[in-house]
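# Structure at a glance
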Amino acid sequence: MTAQTAVPDAELTGRRVEELLDRLVERGDAATAATAEELVRVLMDFYGAGLARVLHLVERRTDAGGPRAALLGDALVASLLVLHDLHPEDVTARIGRALASVRSQDAVEVAEFVPESGALRLREGASGGCGCGGAADRSAVEGALSCFAPEVTSVAWEAGGAPELPLLQISRRPPTTAPVS
């Protein structure tokens, strides 16, 4: 928060939420009031989980990166920071962090990101030549991007790296017929 940002009072905020929910009930639209209450509950659960994660990461993280690295590397905390425009990293760094978080950095690389449109092109790397595939888990990559870099509005995938070589089977040499002496 900047020095100019007013810190909201928790008690006043709670009263205001209750007042708004009561106003919906007074209007007689029970379905709308129930939906609003559910919305508040879902948001409270989300923020509560985020705060619990912050406390856990700050208490447990003592490696060289420290708590800051732990907080920025956590998908839930990062999504809260991005949501409130508090994340200290730029979108390019957060895209890299998203790819690293799903352990696909070797298999996926950024081909191009267009900030104006939010379009991201990803290139799948070569499988490593073992013939076992190595394709990235696209849904995991896209899920991580939505947490770490919601500015990415579309993802296009392209094949990259060297073309896969055919699998060569090596077997024993076929028997030869030797002349009988």
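Our structure's up above, just so we're on the same page.
For the structure given in this document, a descriptive report is provided here. None of the values given here were measured: they were computed from a predicted structure.

## Section: helix H1 (residues 10–26)
When the terminal C-alpha atoms of H1 are compared, their 24 Å separation across 17 residues agrees well with the 24 Å that a helix rising 1.5 Å per residue should span. Looking at the residues trailing H1, positive phi occurs at Gly28, about 85 degrees.

## Here we look at the sheet that holds strand E3 (residues 154–159)
Spatial strand order, E1-E2-E3: 3 strands in an open sheet with mixed pairing. One side of each edge strand has no neighbouring strand; the edge strands of this open sheet are strand E1 (108–114) and E3. In this sheet, adjacent strand axes meet at a mean angle of 25 degrees when their direction is disregarded. Note: E1 against strand E2 (residues 119–124), 6 bridges, orientation antiparallel. Counterpart to Val110 in the pairing with E2 is Leu122.

## Here we look at unusual backbone geometry
Positive phi, close to 55 degrees, is recorded for Asp85, a residue that is not glycine. Mapped onto the secondary structure, Asp85 falls in the loop between helix H4 (75–83) and helix H5 (91–101). You can call Asp85 exposed: its relative accessible area is 70%.

## Remarks on the side chain of His87
Within the element layout of this structure, His87 appears in the loop between H4 and H5. At 3.2 Å, the side chain of His87 forms a polar contact with the backbone nitrogen of Glu89. Sequence-distant contacts of His87, that is, excluding residues within four places in its chain, are made with Leu72, Ala78, Leu81, Val82 and Arg94.

## Some words on the packing of aromatic side chains
Counted under the stated rule, the structure contains 1 aromatic pair. Between Phe46 and Tyr47, the aromatic rings sit 5.5 Å apart at their centres with planes inclined by 75 degrees, giving edge-to-face as the arrangement. On the accessibility criterion, Phe46 (31% relative accessible area) is partly exposed. Taking the relative accessible area as the measure of exposure, Tyr47 reaches 28% and is therefore partly exposed.

Reading the values: the criteria
Residues numbered from 1 in each chain as written. Predicted model: local features only at pLDDT ≥ 70, side-chain atom pairs only at ≥ 80, totals over all residues. Heavy atoms only, no water. Helix = DSSP H or I, 4+ residues; strand = E, 2+ residues; numbered from the N terminus. Expected span 1.5 Å × (residues − 1). Pairing = 2+ DSSP bridges. Axes fitted to C-alpha atoms, helices over the stretch in contact; angles between N-to-C directions. Buried < 20%, exposed > 50% of the residue type's maximum accessible area, 1.4 Å probe, protein only. Polar contact = N/O pair within 3.5 Å; in protein donor to acceptor, adjacent residues only side chain to side chain. Contact = heavy atoms within 4.5 Å. Phe/Tyr/Trp six-rings, centres within 6.5 Å; stacked < 30°, edge-to-face > 60°.

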